[in-house]
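A structural walkthrough
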Amino acid sequence: MTQIFAQANKVSLILIACLIQFHLAAEPLAEGKARFLGCIFSPTSEAKLEKYWNQVVPENSGKWGSVERRRDRMNWANLDNAYNLAQAQGFPFRHHVLIWGKQQPSWMNDLSSSDQRAEIEEWFSAVATRYPGIDYLEVVNEPLNAPPDGNNGRANYIAALGGTGPSGWEWVLESFRLARQYFPGAQLVLNEYNVIRNNDNTTNYLALIGLLQAEDLIDVIGFQGHAFTTGPASVGAMTSSIN
């Protein structure tokens, strides 16, 4: 998987890529360059991550469903390891992820909207307190493709964040407002896939980004590049979308 994050108000691009096998050079690929090349922190990559990469993002251990599978019983172990490696090596740390429709605690679906809201803020506060050095924070992941709307087995707490609202995206805006409150020093990230083919998703994603920019809520725009979404598209169409 390759992810490219474009700074919302800057020209610079951040390329984040991960290769599972490590038959590469014996030093970080971005060593000495004005950028970083990062990898997921997982059992596969952990042993040699710092030899080839210079940015860290947890694979699954930063997802709410992994940390708090049972209500109020937190499992931070693997996320701690990822964060501590980044801190020890002086690498940027990108937290993945606060709000998403997938891999969320199943017990959230049984709560009232008010209790869901309280739990969401508790989750934000717990992450912010434990990891004060987060550099890049994925606030919402895949809002177009996997919102927490209760459909297709997804989490169902959109209403707790204000629902769709007049803009259609109030729940995303509110998530970012909370993130600005709880993580004032982090760069806030929105991430999505299938948005670089210059299609309807591209248009919808740009509209959502515009809403976030209007409130100065977003710092980094993320877009995932999968073979199944980039293959059918021309290079020109993808370049136009990225620009």
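Reference entry: report on the structure contained in this document. Sequence order as written defines residue numbering, which begins from 1 separately in each chain. Note on the predicted model: pLDDT of at least 70 is required for a residue's local features to be given, and 80 or more for side-chain atom pairs to be given and counted; whole-chain, interface and lining totals, by contrast, use all residues. Excluding hydrogens and water, the side-chain figures rest on all heavy atoms present in the structure.

1. Considering the nonpolar core
Put simply, the test is: To define a nonpolar core, start from buried Ala, Val, Leu, Ile, Met, Phe, Trp, Tyr and Cys residues and group those joined through side-chain atoms within 4.5 Å. Each residue gets one of three labels from its accessible area relative to the maximum for its type: buried under 20%, exposed over 50%, partly exposed in between, using a 1.4 Å probe on protein chains only. A run of DSSP states H or I qualifies as a helix once it reaches four residues; a run of E qualifies as a strand once it reaches two. Both are numbered from the N-terminal end. Here, residues are in contact when the closest pair of their heavy atoms is within 4.5 Å.
Ile120, Phe176, Phe183 and Leu190 are the most contacted members of the largest nonpolar core, which totals 55 residues. Top element by residues in this core is helix α5 (residues 170-182). It accounts for 6 residues. When near neighbours in sequence (up to four residues on either side) are disregarded, Ile120 contacts Trp64, Ile99, Met108, Tyr157, Ala160, Leu161 and Leu178.

2. Here we look at the packing of aromatic side chains
Where we set the bar: Any pair of Phe, Tyr and Trp rings, taking the six-membered ring for Trp, is counted once the centres come within 6.5 Å. Such a pair is stacked with planes under 30 degrees apart, edge-to-face with planes over 60 apart, and tilted for the rest.
The final tally for this structure, using the stated rule, is 10 aromatic pairs. With a centroid separation of 5.4 Å and 0° between ring planes, the pair formed by Trp64 and Trp123 is classed as stacked. Linking Trp64 in helix α2 (residues 64-67) with Trp123 in helix α4 (residues 113-130), this pair joins segments that are 59 residues apart in sequence. Among the residues examined, Trp123 registers a relative accessible area of 1% and is labelled buried. These aromatic residues form a ring-pair network of at least three members: Trp64, Trp76, Tyr83, Phe93, Trp107, Trp123, Tyr131 and Tyr157.

3. Thoughts on the side chain of Glu174
By the element assignment, Glu174 lies in helix α5. Dropping the residues within four chain positions of it, Glu174 is found in contact with Arg117 and Leu161.

4. Regarding the environment of Tyr193
Take Tyr193: it is sitting in strand β7 (residues 187-193). On the basis of relative accessible area, Tyr193 is assigned to the buried category, the value being 18%. Along the backbone, Tyr193 and Gly222 are 29 residues apart, and their C-alpha atoms lie at a distance of 8.4 Å.

5. Remarks on the pairing of β7
Each regular strand carries side chains that alternate between the two faces of the sheet. Put simply, the rule reads: Between any two strands, at least two bridges found by DSSP are needed for them to pair. Throughout, right-handed denotes a crossover for which the path from the first strand over the helix to the second runs clockwise when the strands point away from the viewer.
Taking burial as the measure, the 7 residues of β7 include 6 buried ones, the bulk of the element. Sheet topology places strand β6 (residues 136-141) next to β7; 5 bridges connect them, and they run parallel. Paired with Leu137 across the two strands is Leu188, which belongs to β7. With α5 bridging β6 and its parallel neighbour β7, the resulting β-α-β unit is right-handed. Inspection of the sheet shows β7 paired to strand β8 (residues 220-225) by 5 bridges, in the parallel sense. Looking at β8, one finds that Tyr193 is bridged to Gln224.

6. Some remarks on unusual backbone geometry
With an omega of 15°, the peptide bond running from His96 to Val97 counts as cis. In this fold, Val97 is placed in the loop between β5 (94-95) and α4. The backbone of Asn152 sits at a positive phi, close to 55°, despite the residue not being glycine. If you trace the backbone, Asn152 turns up in the loop between β6 and α5. Overall, Asn152 belongs to the exposed group, its relative accessible area being 73%. Even without being a glycine, Asp216 presents a positive backbone phi close to 55°.

7. A closer look at the packing of α4 against α5
Between two packed helices, the angle of one axis relative to the other and the distance separating the axes together describe the packing. Defined as follows: To define axes, lines are fitted to C-alpha atoms, for helices over the stretch in contact only, and angles between the resulting N-to-C directions are given on a 0 to 180 degree scale. For classification purposes, angles smaller than 35 degrees are called roughly parallel, those larger than 145 roughly antiparallel, those between 65 and 115 roughly perpendicular, and all remaining angles oblique. By the definition used in this description, the sense in which the near helix is turned from the far one sets the handedness, with an anticlockwise turn below a right angle giving left-handed and a clockwise turn giving right-handed. Following the grouping adopted for this structure description, the nonpolar residues are Ala, Val, Leu, Ile, Met, Phe, Trp, Tyr, Cys and Pro, the charged ones are Asp, Glu, Lys and Arg, and the polar ones are all others, Gly among them.
Axis separation between α4 and α5 bottoms out at 10 Å; the angle between their running directions is 40°. In terms of axis orientation, α4 runs oblique to α5. The two elements α4 and α5 cross, and the hand of that crossing is right-handed. Of α5, the residues touching α4 (which contributes Arg117, Ile120, Glu121, Phe124, Ser125 and Ala128) are Glu174, Ser175, Leu178, Ala179 and Tyr182. For the contact of α4 with α5, the class distribution of residues is 6 nonpolar, 2 polar and 3 charged.

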